[in-house]
Amino acid sequence: QVQLVESGGGLVQAGDSLRLSCAASGRTFGSSAMGWFRQAPGKTREFVALISWSLSIIDYADSVKGRFTISGDSAKNILFLQMNNLEPEDTAVYFCAARKGGRHSYFVSEYDYWGQGTQVTVSS
């Protein structure tokens, strides 16, 4: 059974940093594309960052470029999201997701596996 488990969320002040982690189990994700998404109250889930290890592709939503960094270790099945200079607008539940294949995607519907999410709250 495939599981993605996020951790590292919390309550911080604007300008602070957080590092989210996603531990994957149940299969090897070294050839898969993975991503981070977020969902704020009353809003739809949105793309934040993606990585495709097999295609060596990394990309970010415009709203987080220059502040967030996605990284990980495909051999250890772990994914990170380093979030710097956090803003109140970053407040959301953050989800880790993975595709069965290696092609990257920006769309929620194209990811096959999801974690339960971790809450990030940024106060002004």
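Structural notes, computed from the coordinates. Remember, predicted model here, so these are calculated numbers, not experimental data.

Quick word on the pattern of salt bridges
Here is step 1 of the chain: Evaluated as defined, the whole model comprises five salt bridges.
Here is step 2 of the chain: Where Arg-38 meets Glu-46, a salt bridge forms, and the shortest distance between an N and an O atom there is 2.7 Å.
Here is step 3 of the chain: For Asp-90, the salt bridge goes to Arg-38, with nearest N and O atoms at 2.9 Å. One end of the pair, Asp-90, is in the loop between strand S8 (78–83) and strand S9 (92–98); the other, Arg-38, is in strand S4 (residues 33–39), with 52 residues separating them in the sequence. Across this residue pair, the class does not change: Asp-90 and Arg-38 are buried.
Here is step 4 of the chain: One salt-bridge network, in which partners are shared between bridges, spans Arg-38, Glu-46, Arg-67, Glu-87 and Asp-90.

Observations regarding the state of the cysteines
Here is step 1 of the chain: All chains considered together, the criterion is met by one disulfide.
Here is step 2 of the chain: Covalently, Cys-22 is tied to Cys-96 through a disulfide, its sulfur atoms 2.1 Å apart. Disulfide Cys-22-Cys-96: torsion about the S-S bond near -70°, hence left-handed. Of the two residues, Cys-22 is situated in strand S3 (residues 18–25) and Cys-96 in strand S9; the sequence distance between them amounts to 74 residues. When sorted by exposure, Cys-22 lands in the same class as Cys-96, which is buried.

Here's the deal with the nonpolar core
Here is step 1 of the chain: Formed by 34 residues in total, the largest nonpolar core has its most connected members in Leu-4, Met-34, Trp-36, Leu-81, Met-83 and Tyr-94.
Here is step 2 of the chain: At the level of elements, S3, S4, strand S5 (46–52), strand S7 (68–73), S8, S9 and strand S11 (118–123) are the ones that each hand at least two residues to this core.
Here is step 3 of the chain: Setting aside its immediate chain neighbours within four residues, Leu-81 contacts Leu-18, Arg-19, Leu-20, Trp-36, Val-48, Ala-49, Phe-68, Thr-69, Ile-70 and Tyr-94.

Calculation notes
- Residues numbered from 1 in each chain as written.
- Predicted model: local features only at pLDDT ≥ 70, side-chain atom pairs only at ≥ 80, totals over all residues.
- Heavy atoms only, no water.
- Salt bridge = Lys/Arg side-chain N within 4 Å of Asp/Glu carboxyl O.
- Helix = DSSP H or I, 4+ residues; strand = E, 2+ residues; numbered from the N terminus.
- Buried < 20%, exposed > 50% of the residue type's maximum accessible area, 1.4 Å probe, protein only.
- Disulfide = S-S within 2.5 Å.
- Core = buried A, V, L, I, M, F, W, Y, C linked by side-chain atoms within 4.5 Å.
- Contact = heavy atoms within 4.5 Å.

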